[in-house]
Amino acid sequence: ELMNDLRCFSCHRINGRGGDMAPDLTWEGSSVQRKWLVDFLKNPETLRPALIRRMPKFNLSDAEINALSDYMMTVYQTPAFNRDSSPVNVTPALVDQGRQLFYGKYACQSCHIVDPQKDKGYIGPALWAVGARLNQAWIYHWLKDPQALRPGTMEPNQHMGDGDARALTAFLSSLKTPVKPASTAKKGAGR
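This is a predicted model, so every value here is computed, not measured.

Asker: Outline the overall build of the protein chain, supporting the account with residue identities and numerical values.
Answerer: What the protein chain contains, in helices and strands, is nine helices and two strands. Shown N-terminal to C-terminal, the secondary structure of the protein chain runs as helices and strands in the order α-β-β-α-α-α-α-α-α-α-α. The C-alpha radius of gyration computed for the protein chain amounts to 17 Å, which stays within 12% of the reference 16 Å derived for 191 residues, consistent with globular compactness. With the principal axes as the frame, the protein chain shows a C-alpha extent of 50 × 45 × 30 Å. Burial statistics for the protein chain: of 191 residues in total, 40% are counted as buried. Considering only intrachain contacts with a sequence separation of at least 6, the fraction spanning at least 24 residues in the protein chain is 62%. Taken as a whole, the protein chain presents about 10,900 Å² of accessible surface, with 54% of it coming from carbon and sulfur. The protein chain carries 24 positive and 18 negative side-chain charges, and their two centres are separated by 6 Å.

Shown next, in the form of structure tokens:
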């Protein structure tokens, strides 16, 4: 099996087995969008700008990437919810409400980056294109109870009401454009 050949378990935990240097992939098929997964496997980019460890680029063939993506999208699913459900009707007003909650009530930017020019949160994954990476159902259920989906995660359980979770899901789902933070370019590091 390709996952064993690539030694995914040496860094990733899946169903309680494996390492803890990289994200737990147990429910990856319920969380990510297939197009994002395919693109990531072709060219892994870090989601956490402060981390030194990086996912290796395996130079897999398109057929291998498609097989691996299909496998992960099919097998690694949580029974807790249907990833294709849409708990939120995204409107500009709801996106704006979610933005205000992100930067205000919940201060998510203290751990996450949406705007690399302003946000300083290097603890959690960057969220500037999270709407292209994670599906809406995962975002919503993650906001409601992150530990239920990934025990031991550093993401705090804010005991968020449905309304706030819907607004934040709308905001996060709207973030689809990748940006490159200027700070990742090492100045004067030419060796």
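Further notes follow.
Asker: Break down unusual backbone geometry for me, citing the residues and quoting the values.
Answerer: For Asn59, which is not glycine, the phi torsion reads 55 degrees and is therefore positive. With respect to the secondary-structure elements, Asn59 resides in the loop between helix H3 (34-42) and helix H4 (62-75). Exposure remark for Asn59: the relative accessible area of 64% places this residue in the exposed category.

Asker: Which residues make up helix H7 (residues 136-144), and what values go with them?
Answerer: The buried fraction of H7 amounts to seven of the nine residues, a majority that puts the element mostly inside the structure. Within the sequence span of H7, burial applies to Gln136, Ala137, Trp138, Ile139, Tyr140, Trp142 and Leu143. Those residues of H7 that are buried are in contact with helix H2 (28-31), helix H8 (146-149) and helix H9 (162-173). The residue sitting at the N-terminus of H7 and contributing the capping side-chain oxygen is Asn135; that oxygen lies 3.2 Å from the backbone nitrogen of Ala137.

Asker: An account of the packing of aromatic side chains is requested, with residue identities and associated values reported.
Answerer: We describe a pair of aromatic rings using the distance from one ring centre to the other and the angle between the two ring planes. Scanning the model with the defined rule gives six aromatic pairs in all. When the centroid spacing of 4.8 Å and the interplanar angle of 20 degrees are considered together, the rings of Trp36 and Phe40 count as stacked. With Trp36 and Phe40 both in helix H3, this residue pair falls four residues apart, about one helical turn. The pair formed by Trp36 and Phe40 is uniform in burial state, with each residue classed as buried. Judged by centre distance (5.9 Å) and plane angle (20 degrees), the ring pair of Trp138 and Trp142 falls under stacked.

Asker: Outline H4, listing residues and values.
Answerer: Since the α-helix advances by 3.6 residues per turn, residues separated by three or four positions end up pointing in the same direction. Given a rise of 1.5 Å per residue, 14 residues ought to cover 20 Å, and the 20 Å separating the end C-alpha atoms of H4 matches this to within 8%. For H4, the full list of buried residues reads Ile65, Leu68, Ser69, Met72 and Met73. Down the axis of H4, the buried set is contained in an arc of 125 degrees. They therefore lie on one face. Of the residues in H4, the exposed ones pointing more than 90 degrees away from the buried face are Ala63 and Thr74.

Asker: Break down the packing of helix H5 (residues 92-103) against H9 for me, citing the residues and quoting the values.
Answerer: Interaxial distance between H5 and H9 falls to 7 Å at its minimum, and their mutual angle equals 100 degrees. Regarding the angle of H5 to H9, the classification is roughly perpendicular. Contacts from Leu94, Val95, Gln97, Gly98, Arg99, Leu101, Phe102 and Tyr103 in H5 reach Asp164, Arg166, Ala167, Leu168, Ala170, Phe171 and Leu172 in H9. When grouped by side-chain class, the residues that make up the contact of H5 with H9 number 10 nonpolar, two polar and three charged.

The rules we used
- Residues numbered from 1 in each chain as written.
- Predicted model: local features only at pLDDT ≥ 70, side-chain atom pairs only at ≥ 80, totals over all residues.
- Heavy atoms only, no water.
- Helix = DSSP H or I, 4+ residues; strand = E, 2+ residues; numbered from the N terminus.
- Rg over C-alpha atoms; globule rule 2.2 N^0.38 Å.
- Buried < 20%, exposed > 50% of the residue type's maximum accessible area, 1.4 Å probe, protein only.
- Contact = heavy atoms within 4.5 Å.
- Areas by Shrake-Rupley, 256 points an atom, 1.4 Å probe, with all protein chains shown as cover.
- Lys, Arg positive; Asp, Glu negative; His and termini not counted.
- Charge placed at Lys NZ, Arg CZ, Asp CG, Glu CD.
- Polar contact = N/O pair within 3.5 Å; in protein donor to acceptor, adjacent residues only side chain to side chain.
- Phe/Tyr/Trp six-rings, centres within 6.5 Å; stacked < 30°, edge-to-face > 60°.
- Expected span 1.5 Å × (residues − 1).
- Arc of directions from axis to C-beta.
- Axes fitted to C-alpha atoms, helices over the stretch in contact; angles between N-to-C directions.
- Parallel < 35°, antiparallel > 145°, perpendicular 65-115°, else oblique.
- Nonpolar A, V, L, I, M, F, W, Y, C, P; charged D, E, K, R; others polar.

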